[in-house]
Amino acid sequence: MSNSVISVISRFLEEYTTKTSNKLKVVDAYLFYILLTGALQFLYCLLVGTFPFNSFLAGFISCVGAFILGVCLRIQINPDNKGDFLTISQERAFADFLLAHTVLHLVVINFIG
Amino acid sequence: MIYLYIIGVDMAQPRVFCLVLLTVALGAQALTPSHHLSLSDVDRLKGLLSQPFTDLASAYYSIVGLSKLGASVADENDACQFLKAQLDPMSVDSLFFAAEASQAIADCEMPVFNETRDILLAAVSEDSTVTQIFRAVSALSSLGLPLASQEVVAALVARIAKEDNVLAITTALQTATRLSQQAELGGILEEIEDLAARLDDLGGVYLQFEEGLEATALFVTAAYTLSDHADTEPPLKEDQVIQLVNSVFSKKSWDSRSEAFSVACAAAALSSNRFHVPVIVSTQGPATVSHSQPILHLLVTDILSNPLASANLLVESAQAVASKSVVLSQAPFSLRNGIFELNFMASQPASGYYQFTVAVTGDSRLVANQVELKVKVSTEVAVTNMDLSVVDKDQSIGTKTSRVDYPFKAKGSFTADSHQNFAMNFQLVDANTGVELTPHQTFVRFHNQKTGQEVVFVAEPDSKNLYKFELDTAERKSEFDSMSGTYVLHLIVGDATLENPILWNVADVVLKFLDEEAPAAIQSKTLYMPKPDIQHLFREPEKKPPTVVSNTFTALVLSPFLLLLILWFKLGANISNFSLSPSSVLFHVGHACMLGLMYVYWTHLNMFQTLKYLAIIGSLTFLAGNRMLAQKAVKRLASK
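Residues numbered from 1 in each chain as written. Chains lettered and ligands numbered in written order. Predicted model: local features only at pLDDT ≥ 70, side-chain atom pairs only at ≥ 80, totals over all residues. Heavy atoms only, no water.

- Looking up chain B in an unreviewed UniProt entry gives the name Dolichyl-diphosphooligosaccharide--protein glycosyltransferase subunit 2, with the organism given as Oncorhynchus mykiss.
- UniProt, in its Subcellular location (unreviewed entry) section for chain B, records the words "Endoplasmic reticulum membrane".
- UniProt's Pathway (unreviewed entry) comment on chain B is quoted here verbatim: "Protein modification; protein glycosylation." (UniProt positions renumbered as here; feature names shortened; annotations may be inferred.)

- Chain A carries the name Dolichyl-diphosphooligosaccharide--protein glycosyltransferase subunit DAD1 in an unreviewed UniProt entry, which gives Oncorhynchus mykiss as its organism.
- UniProt, in the comment section headed Subunit (unreviewed entry), describes chain A in these words: "Component of the oligosaccharyltransferase (OST) complex."

### So, the overall build of chain B
Thinking step 1. Along chain B, the regular secondary structure elements total 17 helices and 23 strands.
Thinking step 2. The buried share of chain B, reckoned over its 640 residues, is 46%.
Thinking step 3. Considering only residue pairs separated by 6 or more positions, chain B has 68% of its internal contacts joining residues 24 or more positions apart.
Thinking step 4. Roughly 33500 Å² of accessible area belongs to chain B as shown, and the carbon and sulfur atoms make up 55% of that amount. (Helix = DSSP H or I, 4+ residues; strand = E, 2+ residues; numbered from the N terminus. Buried < 20%, exposed > 50% of the residue type's maximum accessible area, 1.4 Å probe, protein only. Contact = heavy atoms within 4.5 Å. Areas by Shrake-Rupley, 256 points an atom, 1.4 Å probe, with all protein chains shown as cover.)

### Quick word on the confidence of the model for chain B
Detailed reading of the predicted coordinates is not advisable wherever pLDDT is low.
Residue and element names in this part refer to chain B.
Thinking step 1. Confidence in the prediction of chain B, expressed as mean pLDDT, is 85, and 93% of residues score 70 or more.
Thinking step 2. Element-level mean pLDDT values for chain B span from 46 in helix H1 (residues 16-26) up to 93 in helix H11 (residues 213-230).
Thinking step 3. Contacts of residues 1-14 to residues separated by more than four positions or lying in other chains number 33 contacts, the stretch itself having pLDDT below 50.
Thinking step 4. Across residues 18-28, confidence stays below pLDDT 50; counting only partners more than four residues off in sequence or on other chains, it has twelve contacts.
Thinking step 5. Across the interfaces of the predicted complex, the ipTM metric reaches 0.85, alongside a pTM of 0.60. (pLDDT = per-residue confidence, 0-100.)

### Thoughts on the state of the cysteines
Residue and element names in this part refer to chain B.
Thinking step 1. By the definition in use, this model includes one disulfide over all chains.
Thinking step 2. Disulfide partner of Cys-80: Cys-108, at an S-S distance of 1.8 Å. The S-S bond linking Cys-80 to Cys-108 shows a torsion near 100°; that makes this disulfide right-handed. Of the two residues, Cys-80 is situated in helix H4 (residues 76-86) and Cys-108 in the loop between helix H5 (92-104) and helix H6 (114-123); the sequence distance between them amounts to 28 residues. With respect to burial, Cys-80 and Cys-108 carry one shared label: buried. (Disulfide = S-S within 2.5 Å.)

### Quick look at a nonpolar patch on the surface
Thinking step 1. Nonpolar side chains collect at one region of the surface, where Ile575(B), Phe578(B), Leu580(B), Val585(B) and Val589(B) lie side by side and expose about 520 Å² of accessible area between them.
Thinking step 2. Turning to its location among the elements, Val585(B) is positioned in helix H16 (residues 582-603). (Patch = residues over 30% accessible without salt bridge, like charges linked within 9 Å, V, L, I, M, F, W, Y side chains within 5 Å. Salt bridge = Lys/Arg side-chain N within 4 Å of Asp/Glu carboxyl O.)

### Describing the UniProt feature "transmembrane region" (unreviewed entry) in chain A
Residues and elements named next belong to chain A.
Thinking step 1. Here the UniProt feature "transmembrane region" (unreviewed entry) sits at residues 29-49, 55-73 and 93-112.
Thinking step 2. Helix makes up 95% of residues 29-49 and strand 0%, whereas the separation of the span's terminal C-alpha atoms amounts to 29 Å.
Thinking step 3. As annotated, residues 93-112 comprises 100% helix and 0% strand, and the C-alpha atoms at either end are separated by 28 Å.

### Describing unusual backbone geometry
Residues and elements named next belong to chain B.
Thinking step 1. For the bond from Tyr-406 to Pro-407, the omega torsion is -5°, close enough to zero to count as cis.
Thinking step 2. Examined against the element boundaries, Pro-407 turns out to sit in the loop between strand E15 (400-404) and strand E16 (414-416).
Thinking step 3. The phi torsion at Gln-330 lies on the positive side, around 55°, for a residue other than glycine.
Thinking step 4. As for its position among the elements, Gln-330 is in strand E8 (residues 326-332).
Thinking step 5. A positive phi angle is found at Asn-337, which is not glycine, with a value near 55°.
Thinking step 6. Structurally, the position occupied by Asn-337 is in the loop between strand E9 (334-336) and strand E10 (339-343).
Thinking step 7. With a relative accessible area of 75%, Asn-337 lands in the exposed category.

### Examining the packing of helix H10 (residues 186-197) of chain B against H11(B)
Residue and element names in this part refer to chain B.
Thinking step 1. Contact pair H10 / H11: the axes reach a minimum separation of 10 Å and the direction vectors enclose 145°. In terms of crossing hand, the pair formed by H10 and H11 is left-handed. Contacts from Ile-188, Leu-189, Ile-192, Leu-195 and Ala-196 of H10 reach H11 at Phe-219, Ala-223, Leu-226, Ser-227 and Ala-230. (Axes fitted to C-alpha atoms, helices over the stretch in contact; angles between N-to-C directions. Left-handed = near helix turned anticlockwise from the far one by under 90°.)

### Side note on the packing of aromatic side chains
Thinking step 1. Inspection of every chain in the model, using the stated rule, returns 33 aromatic pairs over all chains.
Thinking step 2. Where Tyr30(A) meets Phe97(A), the ring centres are 6.4 Å apart and the plane angle is 80°; that geometry is what we call edge-to-face. Taken together, the residues Tyr30(A) in helix H2 (residues 22-48) and Phe97(A) in helix H4 (residues 90-112) connect sequence positions 67 residues apart. Side by side, Tyr30(A) and Phe97(A) carry an identical accessibility label, which is buried.
Thinking step 3. With centroids separated by 5.1 Å and ring planes inclined at 85°, the aromatic side chains of Tyr406(B) and Trp504(B) adopt a geometry described as edge-to-face. Here Trp504(B) lies in strand E23 (residues 502-511) and Tyr406(B) lies in the loop between E15 and E16, a separation of 98 residues in the sequence.
Thinking step 4. Taking relative accessible area as the criterion, Tyr406(B) reaches 38% and is therefore assigned partly exposed.
Thinking step 5. Taking the relative accessible area as the measure of exposure, Trp504(B) reaches 2% and is therefore buried.
Thinking step 6. What links up through ring pairs into an aromatic cluster is the set Phe414(B), Phe422(B), Phe446(B), Phe457(B), Phe469(B), Phe480(B), Tyr487(B) and Phe513(B).
Thinking step 7. For the cation-ring pair, Lys612(B) lies above Tyr613(B), with the distance from its terminal atom to the ring centre recorded as 5.4 Å. (Phe/Tyr/Trp six-rings, centres within 6.5 Å; stacked < 30°, edge-to-face > 60°. Lys NZ or Arg CZ within 6 Å of the ring centre and 35° of its normal.)

In structure tokens:
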């Protein structure tokens with residue numbers, strides 16, 4: 001059983017490193033960073049407590065929001081998905097990403113207290 | 001109906017407010033006056049009118065007003081000289097005041113000039129005001145000069161049509177009283193009824209003009225004077241007359257001489273006209289009779305508090321309020337020294353309150369001559385058959401009963417502990433008739449001399465009017481705070497109809513309670529002491545984790561950024577494609593500004609300011625970014 005899991009994972013990693021373009025890897029690195037940041041914030045909350053709760057929420061939602069927007073960007077700029085996003089060029093995807101982030105930051109800063 | 005509530009020992013004069021409320025609340029079958037001028041009020045009125053006068057008008061009000069009340073000015077000769085000196089023979093008003101005032105003084109004649117008559121007659125025309133006509137006509141009549149009544153009537157009728165206000169019509173009525181009886185006064189007489197319709201009814205108690213007291217009083221005077229003069233009964237109903245009386249005589253201190261004058265005239269008119277004379281029936285002191293004072297005294301007067309010459313007072317019925325039985329019927333009062341007396345105790349009434357309906361007869365002019373009074377019959381109470389006993393709860397030991405006589409105290413003290421009850425039986429009887437009484441207040445009071453505790457219970461009568469009181473020591477221990485000790489026992493008996501309320505120290509009772517959990521200090525004493533201060537506790541700030549921990553985690557949270565940079569470096573991400581076109585520079589600068597704005601928002605600004613700046617920077621960044629991305633797209637597509 002574990003054998004198959006390990007083999008799946010190693011196969012996945014191999015495919016990933018060879019098949020994905022650099023651009024996407026850059027975005028993936030960014031997503032990984034966001035993930036780590038959010039996880040560490042959550043860990044702090046679990047260990048130390050929720051005070052101040054609004055700040056924790058602001059930080060956590062920021063990570064979650066950024067991750068989601070990053071995922072959207074990755075989907076939209078992936079050339080394999082071009083068929084789904086005929087009207088949206090790469091630049092347009094990036095511009096949307098920036099705009100959404102502006103709104104997200106506004107809300108997060110408002111809430112951070 | 002007037003209800004004179006006399007409760008207690010005070011109250012010589014009925015309380016106006018109480019009466020008004022009661023009269024309104026109980027409705028009126030026949031209204032009786034709630035206000036009139038008592039002797040002190042009349043004196044006050046005379047006092048106001050007797051003040052020294054400085055001009056003809058005030059002289060007129062004082063002299064004529066006082067004469068209406070049956071008094072006169074201090075120095076009549078002086079007054080006469082004053083009138084003669086102040087007279088201005090060219091002025092109608094001056095002639096009026098002087099002439100009328102001089103008529104009220106004996107042996108005072110005003111000089112009459114040739115021109116006087118012409119001036120006065122000239123004033124009687126359709127072109128003068130009603131007041132002018134009135135003054136001219138009165139002056140002519142007081143000075144004994146001839147005048148043509150029919151012309152006056154014509155002028156008055158014409159003026160009434162033009163001046164349709166209350167004072168003008170009242171003045172016209174007054175004018176008509178000076179004309180000859182052969183003149184056609186019918187039209188003017190009808191004005192009385194029209195004016196009466198303009199009166200405002202206040203709560204069914206008062207009837208007055210909105211123009212005020214003076215106008216109402218002058219109307220009353222004019223209506224009755226004219227009715228007497230024309231020998232026609234005024235079209236005012238009995239209730240209206242009483243309501244007018246209430247309005248005119250409710251005010252007991254008057255603002256001006258003219259107001260006092262109008263009240264004096266109204267009082268004179270109502271006490272001596274040929275048709276309606278309101279009668280006032282009042283008690284002398286509280287309306288209470290008892291064995292020591294068996295006679296009920298009543299005064300029958302007119303509104304000036306003058307006793308009526310020919311009046312007879314009769315009790316139509318006297319009914320007990322409690323039992324509704326009629327005790328007396330059709331009994332006449334006897335007159336002695338101007339006061340009507342009736343020996344009510346001769347009918348042997350039981351103590352309590354009685355509703356009297358009295359009627360004043362003897363004069364057909366009397367108005368409001370049926371009056372309702374509440375009379376109290378009081379008596380003295382005696383406590384008999386007072387038996388004190390300590391009863392064992394399980395009745396195994398016989399009771400120990402001792403008889404105590406009022407006003408002595410029981411010889412020994414009574415002891416009751418938790419197994420026993422303390423009992424008291426007694427009877428309350430009327431000292432004079434021996435009838436059993438049930439007064440309102442029968443209290444049994446226990447007073448602990450040492451601790452100051454006072455516990456009061458109510459003793460209640462049973463069906464045979466025997467009073468019983470039983471103290472269950474165990475059951476009632478909470479009221480005594482379980483304090484054992486000697487309690488002094490008092491019996492308190494009181495009632496409005498009792499002349500001798502009783503406070504009798506009957507005995508000493510030693511009460512023994514089981515558990516002495518009572519605190520040493522008495523609760524009641526601290527009830528009214530200031531309570532302990534409450535210190536306000538400000539909200540404690542929440543517990544924060546130690547700075548070390550938060551600093552550690554801050555570093556930890558920021559560390560993935562380093563990891564990101566390393567990963568990007570490893571992937572080979574670079575900025576070699578960075579074109580230095582103005583739009584891209586502007587875009588990056590604008591974007592950096594937006595991020596800086598976020599920081600400034602966090603530290604300084606509020607949402608509105610931020611949005612404002614964001615709009616500016618954002619639009620610039622957008623335009624630049626749009627340009628830059630378009631260029632990039634073009635480049636990308638070209639390189640494909």
